[in-house]
Amino acid sequence: MPRTPLIAGNWKMNGLSADGAALAEAVAAGASSRAGGCEMLICPPATLLHPIAALLGEALKLGGQDCHAAASGAHTGDCSAEMLADAGCSYVIVGHSERRQHHGEDDAAVRAKAEAAHRAGLVAIVCVGETRAERDAGETLAVIARQIAGSVPPGARAADSVVAYEPVWAIGTGLTATPADAQTVHAHIRAELARSHGASVAEDMRLLYGGSMKPENAADLLAQPDIDGGLIGGASLKAPDFLAIADAAAR
Ligand code: 13P
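Read on for an overview of the structure. (Residues numbered from 1 in each chain as written. Predicted model: local features only at pLDDT ≥ 70, side-chain atom pairs only at ≥ 80, totals over all residues. Heavy atoms only, no water.)

Once that is clear, we can look at the pattern of salt bridges. For the structure on display, the rule yields 19 salt bridges. A salt bridge links K61 to E39, with the shortest nitrogen-to-oxygen separation between them at 3.0 Å. Placement of the pair is K61 in strand β3 (residues 60–64) and E39 in strand β2 (residues 39–43), with a sequence separation of 22 residues. On the accessibility criterion, K61 (33% relative accessible area) is partly exposed. On the basis of relative accessibility, which here comes to 16%, the residue E39 falls in the buried class. In this structure, the salt-bridge partner of D226 is R190, at a minimum N-O distance of 2.5 Å. Here D226 is found in the loop between α10 (215–222) and β8 (229–232), whereas its partner R190 is found in helix α8 (residues 179–197), with 36 residues between them in sequence. Each member of the pair, D226 as well as R190, is classed as buried. Among the charged side chains, a network of salt bridges with common partners joins R3, R190, E203, D226 and D228. (Salt bridge = Lys/Arg side-chain N within 4 Å of Asp/Glu carboxyl O. Helix = DSSP H or I, 4+ residues; strand = E, 2+ residues; numbered from the N terminus. Buried < 20%, exposed > 50% of the residue type's maximum accessible area, 1.4 Å probe, protein only.)

In structure tokens, the structure reads:
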């Protein structure tokens, strides 16, 4: 099965109703005027999901940035995967390094969230990535293998799961992994998935790169054989930049 590239925008904690709607409309218009060749997704903050869902056409999908593992209950401030689905989402990001670092989420918590996503019928985008210290210590591949083993549910399939490799030191810093370094890690992720989930799941599952992806570097990263798209932060907040990255993916 050929892997359709996925270009996903993670807006993080950015966007009020007026500017969020304007950005979503611009991206939706750009997505619908393109012939396809890649799947496009935006993940706005939770407060904007409902209004933005009403603005999207067929060519642009909607995702959440996080979910709780439970379907409902006494979890003040949290949002369940079922709530995201109800708001119009078809995807959810889980285990972003900002959640792992600032909210103490470990691999078991991330896996429970991915399982919740599947329960609600959402595609889980499971994030992994090493810190600068881990990279400098030569531990990148071991860290990634441990995160894959702990965070990707055993029942994950290509249709319900995506893995995003986001080196922590490249997020929001302007630093990007070289295409060759990113490819090395992506190939490692696919090999680990083949061991844990079988060759055909690993072959079909999409692996995204994230970390200062922008129009200037997207084509070289996306040309790597095991990079099947991008999870984009800063550049997803500017419609022309985000659409330019989608164009690079669709080539
Ligand atoms: P930047 O593209 O801003 O580096 O963010 C990457 C990211 O964290 C996407 O989830």
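Let's pick the thread back up.
Moving on to the packing of α10 against helix α11 (residues 239–250). Remark: α10 packs on α11, axes separated minimally by 9 Å, with the N-to-C direction vectors making an angle of 20°. Considering their axes alone, α10 and α11 lie roughly parallel with respect to each other. Note that α10 runs across α11; the crossing there is right-handed. Together, P215, A218, A219 and L222 of α10 and D241, A244, I245, A248 and A249 of α11 make up the contact between the two elements. When the residues that make up the contact of α10 with α11 are grouped by side-chain class, the tally is eight nonpolar, no polar and one charged. (Axes fitted to C-alpha atoms, helices over the stretch in contact; angles between N-to-C directions. Parallel < 35°, antiparallel > 145°, perpendicular 65-115°, else oblique. Left-handed = near helix turned anticlockwise from the far one by under 90°. Contact = heavy atoms within 4.5 Å. Nonpolar A, V, L, I, M, F, W, Y, C, P; charged D, E, K, R; others polar.)

Applying the stated criterion across every chain yields a total of one aromatic pair. Over the aromatic face of W169 sits the side chain of R132, whose NZ or CZ is 4.9 Å from the ring centroid. (Phe/Tyr/Trp six-rings, centres within 6.5 Å; stacked < 30°, edge-to-face > 60°. Lys NZ or Arg CZ within 6 Å of the ring centre and 35° of its normal.)

We now examine the site of the ligand. Taken together, 13 residues are adjacent to the ligand, and K12, H96, G172, S212 and G234 come closest. Residue K12 places a side-chain N or O atom 2.8 Å away from an oxygen atom belonging to the ligand. In the model, an oxygen atom of the ligand is placed 2.9 Å from a nitrogen or oxygen of the E166 side chain. Expressed as a share of its isolated accessible area of 310 Å², the protein-covered part of the ligand is 94%. Residue composition of the shell around the ligand, by class: four nonpolar, seven polar and two charged. (Near = heavy atom within 4 Å. Polar contact = N/O pair within 3.5 Å; in protein donor to acceptor, adjacent residues only side chain to side chain. Areas by Shrake-Rupley, 256 points an atom, 1.4 Å probe, with all protein chains shown as cover.)

The buried count for β3 comes to four of five residues, which makes it a mostly enclosed element. As judged from the three bridges shared by β2 and β3, these two strands associate in the parallel manner. Residue pairing for β3: M40 is matched across the bridge by L60. Here two bridges tie β3 to strand β4 (residues 91–94), and the two strands are oriented parallel to one another. Opposite G63, over in β4, you have Y91 as the bridge partner. Of the crossover connections in this fold, the one passing from β3 over helix α3 (residues 81–86) to the parallel β4 is right-handed. (Pairing = 2+ DSSP bridges. Right-handed = clockwise from strand over helix to strand, strands pointing away.)

In this section: the environment of S97. With respect to the helices and strands, the residue S97 is situated in helix α4 (residues 97–102). Among all residues touching S97, those that are not within four sequence positions of it are V168 and I171.

As summarised here, the arrangement of the eight strands in space is β1-β2-β3-β4-β5-β6-β7-β8, forming a closed barrel in which the pairing is parallel. For this sheet, the mean inter-axis angle between neighbouring strands, taken without regard to orientation, is 25°. The sheet contact formed by strand β1 (residues 6–10) and β2 spans five bridges and is parallel. Within β2, the position partnered with N10 by the bridge is C43. Each of β5 (123–128), β6 (161–165) and β7 (206–210) touches α8; the most contacted strand, β7, lies at about 145° to it.

The values reported here are purely geometric and, on their own, carry no functional implication.
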